[in-house]
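So you can see what is in the structure, the chains are spelled out below.
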Amino acid sequence: MTTTFPDVTISTDRLVLRPFEEEDVTALAEMMNDEQVTAWTSAPHPYTPTDARAWATALSHAERTEGRGIVFAVTEFLTQRLVGIVYLRNTDWRTRTTEAGYVTAPWARGEGYASESVLAVAQWLLRDQRFERLELRTAADNTASQQVAQKIGCISEGVLRNVAIVRTQAADGSWTDTRTDLIVWSLVPEDLDDTDEYDVYESRHARPGPAGRPGHDDGYPLRRRADAHGYAVGADRH
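These notes cover the structure that comes with them.

Calculation notes
- Residues numbered from 1 in each chain as written.
- Predicted model: local features only at pLDDT ≥ 70, side-chain atom pairs only at ≥ 80, totals over all residues.
- Heavy atoms only, no water.
- Pairing = 2+ DSSP bridges.
- Helix = DSSP H or I, 4+ residues; strand = E, 2+ residues; numbered from the N terminus.
- Salt bridge = Lys/Arg side-chain N within 4 Å of Asp/Glu carboxyl O.
- Buried < 20%, exposed > 50% of the residue type's maximum accessible area, 1.4 Å probe, protein only.
- Phe/Tyr/Trp six-rings, centres within 6.5 Å; stacked < 30°, edge-to-face > 60°.
- Lys NZ or Arg CZ within 6 Å of the ring centre and 35° of its normal.
- Axes fitted to C-alpha atoms, helices over the stretch in contact; angles between N-to-C directions.
- Parallel < 35°, antiparallel > 145°, perpendicular 65-115°, else oblique.
- Left-handed = near helix turned anticlockwise from the far one by under 90°.
- Contact = heavy atoms within 4.5 Å.
- Nonpolar A, V, L, I, M, F, W, Y, C, P; charged D, E, K, R; others polar.

What follows covers the pairing of strand S7 (residues 155-169). Relative to strand S8 (residues 175-187), S7 runs antiparallel, the two sharing 11 bridges. Looking at S8, one finds that Ser156 is bridged to Trp185. Hairpin connection from S7 to S8: 5 residues lie between these consecutive antiparallel strands, with Gly173 at a positive phi of about 90°.

Structural data, given as structure tokens:
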């Protein structure tokens, strides 16, 4: 039985999803210190360059090699700038199920990058890797994360009450842990028939490009259906 994901790069029209590299450390630390990331994730706060280096060079790669899941650094196709993270975790290889999480840099929000990247990973997972279920869990008050789940066609299954901890910020800037409900969402293979925002994507085994950067020519773009105004169908324009 296969118990690790392949080392791959996934490409869409605008994005390249690849393994983390040491060159990502500065951008990663900046992104992870954003207030929204602090509030909705369990990442260390403050998130130091040491934390970022450990994640980019070792911890994120161990998620794949040790069979727990896989971590993608989401970057812009043209600029190679770090857009965010999509990761799979709590993978059950017997039942072919896993859970997705995602983080988006503050400068990249409102561009539809989260839904584009998470859907590309979902398509790769459920089609190429023959998984049977992808689960997402969103905090009850995290409406932005819930919108991503809705846009990619997830089905809301219910609420896990009082099961998780998020952070709230006081007027003096301090952070306090607070308990929250989680909304459970899922995608299964037949749901992909309804996710017609994106028609196709391509994944390739990761290999370095010039100067050690990812080989962007390894993937074909993910083609997005456009509406009458030229916007991708379902894209986040807000």
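The next point concerns the pattern of salt bridges. If the charged atoms of two oppositely charged side chains come close together, the side chains can form a pair. A complete count under the given rule lists 10 salt bridges for this structure. Asp34 is paired through a salt bridge with Arg109; the nearest N and O atoms lie 2.7 Å apart. In this pair, Asp34 is assigned in the loop between helix H1 (25-32) and helix H2 (35-40) and Arg109 in the loop between strand S5 (97-104) and helix H4 (113-128), connecting sequence segments 75 residues apart. You can call Asp34 buried: its relative accessible area is 17%. Arg109 sits in the partly exposed class, given a relative accessible area of 34%. Residue Arg133 is joined to Glu157 by a salt bridge in which the shortest nitrogen-to-oxygen separation is 2.8 Å.

In this structure the tally under the stated criterion is 5 aromatic pairs. With a centroid separation of 5.5 Å and 80° between ring planes, the pair formed by Trp93 and Phe131 is classed as edge-to-face. One end of the pair, Trp93, is in the loop between strand S4 (82-92) and S5; the other, Phe131, is in the loop between H4 and strand S6 (133-139), with 38 residues separating them in the sequence. Each member of the pair, Trp93 as well as Phe131, carries the same accessibility label: buried. By way of ring pairs, the aromatic residues Phe5, Phe72, Trp93, Trp124 and Phe131 are connected into one cluster. Directly above the ring of Trp107 sits Arg81, whose terminal nitrogen or CZ lies 3.8 Å from the centroid.

Where H1 meets helix H3 (residues 49-65), the closest approach of the two axes is 8 Å, and the angle between their N-to-C directions is 120°. By the angle class used here, H1 and H3 are oblique. As for how H1 packs across H3, the hand of that crossing is right-handed. Residues Val25, Leu28 and Ala29 of H1 lie in contact with H3, whose contacting residues are Pro49, Ala52, Arg53, Trp55 and Ala56. The residue inventory of the contact of H1 with H3, partitioned by class, reads 7 nonpolar, no polar and 1 charged.

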